[in-house]
Amino acid sequence: QNLAIPDSGEWSEEYSQADRNRSRMFLENAVSPAESLMEHLMNQASIHVRNEIERKLFLSVISSLDENGFLAYDPGDIARSAGTGLDRISSVIKIVNSFDPVGCAARDSMESLLIQSRYFYPEDVILHKILGDHFNDLERLDYDTITRALKIDLPDLLARTRLIQGLDPFPGNRYSRRQIRYI
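Calculation criteria
- Residues numbered from 1 in each chain as written.
- Predicted model: local features only at pLDDT ≥ 70, side-chain atom pairs only at ≥ 80, totals over all residues.
- Heavy atoms only, no water.
- Core = buried A, V, L, I, M, F, W, Y, C linked by side-chain atoms within 4.5 Å.
- Buried < 20%, exposed > 50% of the residue type's maximum accessible area, 1.4 Å probe, protein only.
- Helix = DSSP H or I, 4+ residues; strand = E, 2+ residues; numbered from the N terminus.
- Contact = heavy atoms within 4.5 Å.
- Axes fitted to C-alpha atoms, helices over the stretch in contact; angles between N-to-C directions.
- Parallel < 35°, antiparallel > 145°, perpendicular 65-115°, else oblique.
- Nonpolar A, V, L, I, M, F, W, Y, C, P; charged D, E, K, R; others polar.
- Salt bridge = Lys/Arg side-chain N within 4 Å of Asp/Glu carboxyl O.
- Phe/Tyr/Trp six-rings, centres within 6.5 Å; stacked < 30°, edge-to-face > 60°.
- Polar contact = N/O pair within 3.5 Å; in protein donor to acceptor, adjacent residues only side chain to side chain.

Peer 1: Before we move on, can you summarise the nonpolar core with the specific residues and values?
Peer 2: If you look at the biggest cluster of nonpolar residues, it comprises 20 residues, and the most contacted ones within it are Leu-41, Phe-58, Val-61 and Val-96. Those elements that provide at least two residues to this core are helix 2 (37-48), helix 3 (52-62), helix 4 (75-82) and helix 5 (86-97). Here Phe-58 is in contact with Met-42, Ala-45, His-48, Val-49, Val-92, Ile-95, Val-96 and Phe-99, once residues within four sequence places are set aside. Listed in part, the 13 residues of the second largest apolar core include Phe-135, Leu-138, Leu-157 and Ile-164.

If you want it as structure tokens, here you go:
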């Protein structure tokens with residue numbers, strides 16, 4: 001089989017067109033549409049659901065989240081809207097709390113951080129107390145109050161604040177539609 005080798009004029013024109021087509025295809029495929037938080041969480045929920053009723057309960061909770069991943073509605077209102085009891089919605093919320101990103105379906109950033117600390121550092125009771133009982137002191141950087149109340153020293157508290165800094169107070173933000181994701 002002989003390959004026809006184009007002369008220099010044909011080569012550059014064909015190469016340029018092929019190169020432009022490859023570049024265009026690369027750019028079109030390089031920008032990936034971002035998966036929404038709702039899509040991401042519902043994909044995980046699909047692993048847990050056993051029937052259509054459970055799917056609707058997960059959908060009720062997940063569709064009630066704001067762009068930060070927090071519950072935008074009271075769990076009682078979600079339960080009434082879904083036609084079920086508060087206990088059942090609370091169970092679904094607890095499961096969604098553990099989905100990726102951990103801490104979604106919390107009421108606020110403090111609760112989300114507490115959920116994350118319990119998930120990632122289950123044995124660190126002091127860390128849980130800092131977030132659960134002394135969040136306002138932590139926001140005010142009132143380390144004296146925290147160290148006295150928990151009977152820990154400052155280096156111990158600072159080590160735990162570094163753990164807290166590694167958590168995400170707004171877990172749903174990374175799925176915001178305002179962001180463009182590149183692959």
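Peer 1: Go over the side chain of Asp-124 with me, naming the residues and quoting the values.
Peer 2: With respect to the secondary-structure elements, Asp-124 resides in the loop between helix 6 (109-120) and helix 7 (125-133). Asp-124 sits in the buried class, given a relative accessible area of 15%. Apart from residues no more than four positions distant in its own chain, Asp-124 is found in contact with Arg-160 and Leu-163.

Peer 1: Describe the packing of helix 9 (residues 143-150) against helix 10 (residues 154-165), and please don't skip the residues or the numbers.
Peer 2: How two helices pack is summed up by the angle between their axes together with the distance between the axes. Following both chains from N to C, one finds helix 9 and helix 10 inclined at 110°, their axes separated by 10 Å at the closest point. On the basis of their axis angle, the class for helix 9 and helix 10 is roughly perpendicular. Contacts between helix 9 and helix 10 involve Tyr-143, Ile-146 and Thr-147 on the former and, on the latter, Leu-154, Leu-157, Leu-158 and Thr-161. Among the residues forming the contact of helix 9 with helix 10, the class breakdown is 5 nonpolar, 2 polar and no charged.

Peer 1: I'd love a proper account of the pattern of salt bridges, names of residues and values included.
Peer 2: Across all of its chains, the model carries 7 salt bridges by this definition. Between Glu-111 and Arg-107 there is a salt bridge, with its nearest N and O atoms 2.8 Å apart. Among the salt bridges present, the one from Asp-156 reaches Arg-160, with a minimum N-O distance of 2.6 Å. Within this pair, Asp-156 and its partner Arg-160 are both found in helix 10, separated by 4 residues, close to a single helical turn. Residue class for Asp-156 comes out partly exposed when judged on its relative accessible area of 28%. Accessibility expressed as a relative area gives 14% for Arg-160, which makes it buried. Ionic contacts of the salt-bridge type, sharing partners, join the residues Asp-124, Asp-156 and Arg-160 into one network.

Peer 1: Mind laying out the packing of aromatic side chains, listing which residues take part and the relevant values?
Peer 2: Counted by the stated rule, this structure contains 3 aromatic pairs. Plain terms: the ring middles of Phe-58 and Phe-99 are 6.1 Å apart, the flat faces sit at 10° to each other, and that makes the pair stacked. Taken as a pair, Phe-58 in helix 3 and Phe-99 in the loop between helix 5 and helix 6 lie far apart in primary sequence, 41 residues in all. Across this residue pair, the class does not change: Phe-58 and Phe-99 are buried. Aromatic side chains Phe-70 and Phe-170 sit 5.8 Å apart centroid to centroid with 55° between the ring planes, which places their arrangement in the tilted category. Within this pair, whereas Phe-70 is found in the loop between helix 3 and helix 4, its partner Phe-170 is found in the loop between helix 10 and strand 2 (181-182), the two being separated by 100 residues in sequence. Overall, Phe-170 belongs to the partly exposed group, its relative accessible area being 34%.

Peer 1: Which residues make up the environment of Asp-100, and what are the values?
Peer 2: Note that Asp-100 resides in the loop between helix 5 and helix 6. It is 8.7 Å that separates the C-alpha atoms of Asp-100 and Pro-171, two residues lying 71 residues apart in sequence. If we skip the residues at most four places from it in the chain, Asp-100 touches His-40, Leu-41, Gln-44, Arg-174 and Tyr-175. Polar side-chain contacts of Asp-100 include one of 2.8 Å to the side chain of His-40.

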